[in-house]
Amino acid sequence: MAKPSAWMVIPNLLRTLMRGDVPMKSKLILLVGIVYLISPVDLLPDVIVGVGWMDDLVIVPFLGWLSYRSLPLSVRNDVLPDDDAHQQTSRRIILYIAILLGVVVLILLLGGNDGDFAPVSP
């Protein structure tokens, strides 16, 4: 079986929910992370723009990491490849992510503060 690429970590981790050789503890930790991600109840409300997403950006990856660390070694090797070539991150991907984050920050900083989302009448 070919090793999965590093970009397939999340789908491979989600596939562990259906495997019989994965302990229930790992499955429950991953399910708690998924439920927390889609749940409208958060530690920091999402109404606070930017700050409300910080708990999702910290808690969900942390629970994914905990789930991965509790997997048996044989399953971990299926989820995350050991190959050095797959672990090197492309500079182009980092550039695209930096540009995307820059655009989001600019939109948040330069966006109107009036809070009115109604269409403008001519």
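Throughout this description, residue numbers start from 1 for each chain and increase along the sequence as written. Note on the predicted model: pLDDT of at least 70 is required for a residue's local features to be given, and 80 or more for side-chain atom pairs to be given and counted; whole-chain, interface and lining totals, by contrast, use all residues. Where side-chain values are given, they derive from all heavy atoms of the structure, hydrogens and water being excluded.

(A) Structural detail: the layout of surface pockets. Size it by volume and the second largest pocket reaches roughly 220 Å³. Residue lining of the second largest pocket: Gly50, Trp53, Met54, Leu57, Leu101, Val104 and Leu108, and that is the complete set. Put simply, DSSP marks the helices as runs of H or I at least four residues long and the strands as runs of E at least two long, and each gets a number from the N terminus on. Of all elements in the fold, only helix H3 (51-69) and helix H6 (91-110) reach the threshold of two or more residues within the lining of the second largest pocket. Lining residues are defined by having an atom within 4 Å of a point belonging to a cavity or pocket. Those points lie on a 1 Å grid over the protein atoms alone, cavities being sets where a 1.4 Å probe fits but cannot get out and pockets being open sets with protein on both sides within 12 Å along at least five of seven lines. Grid points are joined across faces, edges and corners, and a volume is the space filled by probe spheres set on the points.

(B) Up close: the packing of helix H2 (residues 24-38) against H3. Between N-to-C directions, angles span 0 to 180 degrees; the directions come from axes that are lines fitted to C-alpha atoms, helices contributing only their stretch in contact. Axis separation between H2 and H3 bottoms out at 8 Å; the angle between their running directions is 165°. With respect to their mutual orientation, H2 and H3 come out roughly antiparallel. Considering how the two elements wind past one another, H2 and H3 form a crossing that is left-handed. Where H2 abuts H3, its residues Ser26, Ile29, Leu30, Val32, Gly33, Tyr36 and Leu37 lie against Asp55, Asp56, Ile59, Val60, Leu63, Gly64, Leu66 and Ser67. By definition in this entry, angles of less than 35 degrees are roughly parallel, angles greater than 145 are roughly antiparallel, angles of 65 to 115 are roughly perpendicular, and the rest are oblique. By convention the crossing between two helices is left-handed if the near helix lies anticlockwise of the far one by an angle smaller than a right angle, and right-handed if it lies clockwise. Contact definition: two residues touch when any of their heavy atoms are within 4.5 Å.

(C) Structural detail: the nonpolar core. The nonpolar core is taken to be a set of buried Ala, Val, Leu, Ile, Met, Phe, Trp, Tyr and Cys residues, with the residues joined through side-chain atoms within 4.5 Å. Only protein chains enter the area calculation, which uses a 1.4 Å probe; residues under 20% of their type maximum are buried, those over 50% are exposed, and those in between are partly exposed. Counting eight residues, the largest nonpolar core consists of Leu13, Leu17, Val22, Leu30, Tyr68, Leu71, Val75 and Val79. Sequence-distant contacts of leucine 71, defined by excluding residues within four places in its chain, comprise Leu13, Thr16, Val22, Ser26, Arg76 and Val79.

(D) Geometry of the environment of threonine 16. Within the element layout of this structure, threonine 16 appears in the loop between helix H1 (9-15) and H2. Sequence separation between threonine 16 and arginine 76 is 60 residues; the distance between their C-alpha atoms is 9.6 Å. For threonine 16, the residues in contact, after removing those within four places along its chain, are Val22, Lys27, Leu30, Leu71, Val75 and Val79.

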